[in-house]
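# An overview of the molecular structure
Listed here are the chains, written in short residue letters.
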Amino acid sequence: MMWENWTIVSEFVLISFSALSTELQALLFLLFLIIYLVTLMGNVIIILVSTADSALQSPMYFFLRNLSFLEIGFNLVIVPKMLGTLIIQDTTISFLGCATQMYFFFFFGAAECCLLATMAYDRYVAICDPLHYPVIMGHKSCAQLAAASWFSGVPVATVQTAWIFSFPFCGPNRVNHFFCDSPPIIALVCADTSLFELEALTATVLFILFPFLLILGSYVCILSTIFRIPSAEGRRKAFSTCSSHLLVVSLFYSTAILTYFRPRSSTSPESKKVLSLSYTVVTPMLNPIIYSLRNSEVKAALKRVVHRTLGPQKL
């Protein structure tokens, strides 16, 4: 009998940053558009340079290419719709569109967590067991690890999205976020979601906390090995090979953990939006910058590629 009064929701309204003035939204649009273009350009450059240059064919750069592909996909899922809500006030999103956005958000997010853990394992083997590194991290092993990282996003995205959108929605359809994330969508459900929330917590632990603990354990072993290197130059070179990855991991996980492991009562919707911006918009832009500016091999390879591309034209 209760279901008779429920309204079928065919679309959602993303509140996004509608509380801000029109002028401020226009400024945010310009800022996020610049970040979006820099993100796409930076990650495409990383992919092209690491593919074209023979010096960047090691497992580390193979995984870096995969990370850049993930960052591009992650950005394409979130940013274009957010830009539309800011500049033309296109705040509506269809039921299917919201489910699709959520699916790929979960997919790319889970895959990135696993890939970052895989990259930490690569650095662990390279520094802690260098003699066996070519055998352990061969082409086949790298391809399998990358494929496993990508595939890890499928079950969590499928289960979470299908479960959420199988719930009935009462009629309120205003999502207090700039994209279809699970907490604000679940807030609109008219049913008991306690079992789903338990499953969501389990998935969060498995795909965010567990990879983070693997990364943490890898770096404890890496730092322990580095500190045992007798020469200062040797320690510097060893640490330089993993410092970029460590910085990227710190940026991604600090905001993700603050977003999904803080009690609901202690976090306002606006602060969640700011935290979400950090790992969905800002971090994908910083990753190629970090890997290019802090990595001498990438900088040298970029110069070689530019020279090969533009050099003949100057002659």
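Residues numbered from 1 in each chain as written. Predicted model: local features only at pLDDT ≥ 70, side-chain atom pairs only at ≥ 80, totals over all residues. Heavy atoms only, no water.

A separate point is the packing of helix 5 (residues 139-151) against helix 6 (residues 153-164). Relative orientation of the contacting elements helix 5 and helix 6 amounts to 5°, with a least axis distance of 5 Å. By the criterion of interaxial angle, the relationship of helix 5 to helix 6 is roughly parallel. Along its contact with helix 5, which presents Ser149, Trp150 and Phe151, the element helix 6 presents Gly153, Val154 and Pro155. The class makeup of the residues in the contact of helix 5 with helix 6 is four nonpolar, two polar and no charged. (Axes fitted to C-alpha atoms, helices over the stretch in contact; angles between N-to-C directions. Helix = DSSP H or I, 4+ residues; strand = E, 2+ residues; numbered from the N terminus. Parallel < 35°, antiparallel > 145°, perpendicular 65-115°, else oblique. Contact = heavy atoms within 4.5 Å. Nonpolar A, V, L, I, M, F, W, Y, C, P; charged D, E, K, R; others polar.)

Before going further, it helps to spend a moment on the packing of aromatic side chains. Taken as a whole and assessed by the stated rule, the structure comprises 25 aromatic pairs. Ring geometry for phenylalanine 17 versus phenylalanine 32: centroids 6.3 Å apart, planes at 40°, classification tilted. Here the residue phenylalanine 17 occupies a position in the loop between strand 1 (11-14) and helix 1 (22-52), and phenylalanine 32 occupies one in helix 1, the gap between them amounting to 15 residues. The pair phenylalanine 17 / phenylalanine 32 is uniform in exposure class, with both members buried. (Phe/Tyr/Trp six-rings, centres within 6.5 Å; stacked < 30°, edge-to-face > 60°. Buried < 20%, exposed > 50% of the residue type's maximum accessible area, 1.4 Å probe, protein only.)

In this sheet, strand 2 (residues 92-94) lies alongside strand 1 in antiparallel orientation, the contact comprising three bridges. Within strand 2, the residue paired with valine 13 across the bridge is threonine 92. Relative to strand 3 (residues 174-175), strand 1 is paired through two bridges, and the arrangement is parallel. Looking at strand 3, one finds that valine 13 is bridged to arginine 174. (Pairing = 2+ DSSP bridges.)

Once that is clear, we can look at the UniProt feature "transmembrane region" (unreviewed entry) in the protein. Feature annotation in UniProt places "transmembrane region" (unreviewed entry) on residues 26-50, 62-83, 103-121, 142-165, 205-227, 239-262 and 274-293, given in this structure's numbering. This span, residues 205-227, is 100% helix and 0% strand, and a straight line between its end C-alpha atoms measures 31 Å. (UniProt positions renumbered as here; feature names shortened; annotations may be inferred.)

This brings us to the nonpolar core. Membership of the largest hydrophobic core comes to 81 residues, with the highest contact counts inside it found for Phe12, Phe32, Met82, Leu116 and Ile185. At 16 residues, the largest contribution of residues to this core is made by helix 3 (residues 95-128). When near neighbours in sequence (up to four residues on either side) are disregarded, isoleucine 185 contacts Phe12, Cys98, Met102, Ile164, Phe165, Phe169, Val175 and Cys180. Among the nonpolar cores identified, the runner-up in size contains five residues, and Cys114, Val156, Ala203 and Phe207 belong to it. (Core = buried A, V, L, I, M, F, W, Y, C linked by side-chain atoms within 4.5 Å.)

A separate point is unusual backbone geometry. Non-glycine residue serine 16 carries a positive phi angle of around 50°. Within the fold, serine 16 resides in the loop between strand 1 and helix 1. Assessed through its relative accessible area of 3%, serine 16 is described here as buried.

If you check helix 5, its first and last C-alpha atoms are 18 Å apart, about what 13 residues at 1.5 Å a residue would give, namely 18 Å. Along helix 5, the residues that are buried comprise Cys142, Ala146 and Ser149. For helix 5, the angular spread of buried residues about the axis comes to 60°, placing them on one side. Across from the buried face of helix 5, at angles greater than 90 degrees, the exposed residues are Lys140 and Phe151. Its buried side turned inward, helix 5 meets helix 2 (59-87), helix 3 and helix 6. (Expected span 1.5 Å × (residues − 1). Arc of directions from axis to C-beta.)

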